[in-house]
Amino acid sequence: MKYIDEFRDGELARGIAATIAAEVQPARRYRLMEFCGGHTHAISRYGLLDLLPPAVRMIHGPGCPVCVLPIGRIDSAIELAREHGVILCTYADTLRVPASGGLSLTRAKAQGADIRMVYSCDDALRIAQENPAREVVFFAIGFETTTPPTAAIIRQAAALDVPNFSVFCNHVLTPAAMVHIMESEGDPDAVALDGFVGPAHVSTVIGSQPYEAFAAHYHRPVVISGFEPLDVMQSILMLVRQINAGRAEVENQFTRAVSREGNRKAQALVAEIFELREAFDWRGLGEVPRSALQIRPAFARFDAERRYGIGYRQVADPKACECAAILRGHKHPADCKVFGTVCTPDHPIGACMVSSEGACAAYYTYGRFNVVVKEAGVA
Ligand code: SF4
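Residues numbered from 1 in each chain as written. Predicted model: local features only at pLDDT ≥ 70, side-chain atom pairs only at ≥ 80, totals over all residues. Heavy atoms only, no water.

- As recorded in an unreviewed UniProt entry, the chain goes by Hydrogenase maturation factor and comes from Niveibacterium umoris.
- Its UniProt record, at the heading Sequence similarities (unreviewed entry), says of the chain: "Belongs to the HypD family." (UniProt positions renumbered as here; feature names shortened; annotations may be inferred.)

## Section: the sheet that holds strand 6 (residues 165-171)
The strands making up a sheet associate through hydrogen bonds between their backbones, and the pairing can be parallel or antiparallel.
Phase 1 of the analysis: Overall, parallel pairing links the four strands, which are arranged 4-3-5-6 in an open sheet. Edge positions in the sheet fall to strand 4 (115-117) and strand 6, since each of these pairs with one other strand and no more. If you compare each strand with its neighbour and ignore which way they point, the axes differ by 25 degrees on average.
Phase 2 of the analysis: With three bridges joining them, strand 3 (residues 87-90) and strand 5 (residues 136-142) adopt parallel strand pairing. Bridge pairing in strand 5 places Leu-88 opposite Val-137.
Phase 3 of the analysis: Its contacts with the sheet place helix 7 (residues 121-130) against strand 3, strand 4, strand 5 and strand 6, and it is angled at close to 170 degrees to strand 5.
Phase 4 of the analysis: Helix 8 (residues 147-160) rests against strand 5 and strand 6 of the sheet, and its axis sits at about 160 degrees to strand 6. (Pairing = 2+ DSSP bridges. Helix = DSSP H or I, 4+ residues; strand = E, 2+ residues; numbered from the N terminus. Axes fitted to C-alpha atoms, helices over the stretch in contact; angles between N-to-C directions. Contact = heavy atoms within 4.5 Å.)

## Here's the deal with the nonpolar core
Within soluble globular proteins, side chains that are nonpolar generally end up buried alongside one another.
Phase 1 of the analysis: Counting residues in each nonpolar core, the largest one holds 76 residues, and the members touching the most others are Leu-88, Leu-105, Phe-139 and Trp-282.
Phase 2 of the analysis: Split by domain, this core shows at least three residues from each of two domains, domain 1 (1-312) and domain 2 (322-366).
Phase 3 of the analysis: Leu-88 has contacts with Ala-77, Leu-80, Ala-81, Leu-105, Asp-114, Ile-115, Arg-116, Val-137 and Phe-139, leaving out every residue within four places of it along the chain.
Phase 4 of the analysis: Grouped together as the second largest cluster of nonpolar side chains are 29 residues, Cys-121, Val-167, Cys-169 and Leu-293 included. (Core = buried A, V, L, I, M, F, W, Y, C linked by side-chain atoms within 4.5 Å. Buried < 20%, exposed > 50% of the residue type's maximum accessible area, 1.4 Å probe, protein only. Domains from an automatic or database assignment.)

## Considering the pattern of salt bridges
Phase 1 of the analysis: In the structure shown here, the tally under the stated rule is 23 salt bridges.
Phase 2 of the analysis: Across the pair Arg-126 and Glu-130 runs a salt bridge, and its minimum N-O distance is 3.2 Å. You can see Arg-126 and its partner Glu-130 sitting in helix 7, four residues apart, about one turn around the helix.
Phase 3 of the analysis: A salt bridge links Arg-301 to Asp-161, with the nearest nitrogen and oxygen atoms 2.9 Å apart. Here Arg-301, found in the loop between strand 13 (293-295) and helix 14 (304-307), pairs with Asp-161, found in the loop between helix 8 and strand 6; they are 140 residues apart in sequence, far enough to count as distant.
Phase 4 of the analysis: For Arg-301, a relative accessible area of 43% gives the class partly exposed.
Phase 5 of the analysis: Since its relative accessible area comes to 49%, Asp-161 is described here as partly exposed.
Phase 6 of the analysis: The network of salt bridges with common partners includes Arg-73, Arg-277 and Glu-305. (Salt bridge = Lys/Arg side-chain N within 4 Å of Asp/Glu carboxyl O.)

Structure follows, in structure tokens:
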């Protein structure tokens, strides 16, 4: 398949790996964070870590939408369905994220709440139109990639004047999270980083330009990377070359989809419907200033938070769960004592085991046997 097969060529990947190995400087360390869960998935699925020299260390970032959603927000969604009796619609992964009291949206549904999985926010609006006597809330989560469709559906609901539809908005912003990670440098549980593999899908919307001030200010290179294995390997090589040369620029490896400007039409749509929140609580990162969106007052009638007076209560992760440290890049899935034993994709204890973009799920699916073997000292 075009744009897929040619980016999965093992021979080419080994060639890039040899170039990386030849160009890394022996006395140097290259600590690179892949922000996106999609990159974490590709790295695990294609065994890219095995191709890299020891000097290059990949650190998994917080770019998995369901992973960064804190428990308190899932609790609020469950409350909407149980206490306010709404039909709550959301994407599949969100349904399985553990919430307080042993609940999840799936378990709340099993106990009688009207919670429905949708493939798109259009489905949620359609359900509202088909059920005029019921209130329907779309539980919107995700980074800049999923924000334009949510904006479009709010505008459509306004145009069609659908009175029983609203959105519980939890959309978050990538650049603000990257800034927060760099601002945490020096904290005892922060991780030192030399460069970033930048998001692919997010950057198709926002472009590569928003990372320029970040790269210059923190003097860290950013390479926007596609999700295929050759994309990731080439991006790592580009980062190694920048670090060797003492450069800290934004480079775009994913030129087949990302431009400097991004998708202006989508940006305008998002700006029309949403405004910045003062702060948002992220799982793992804590409260991050100006890192999320809320619905503008002009569209307040579609804002579930206003309509139902939803407050936010911070809830701690389960004691055994290391999701917060993993999302900060401070720990590895194998550092968690319950990884692959008590916590599995069928029975997730933390959010990082739910979505395929979560680091724990990616390691469990593609790398758990390696982890066990290495831990046992066999290899
Ligand atoms: S293995 Fe499970 S409990 Fe442990 S950090 Fe990952 S998601 Fe959390």
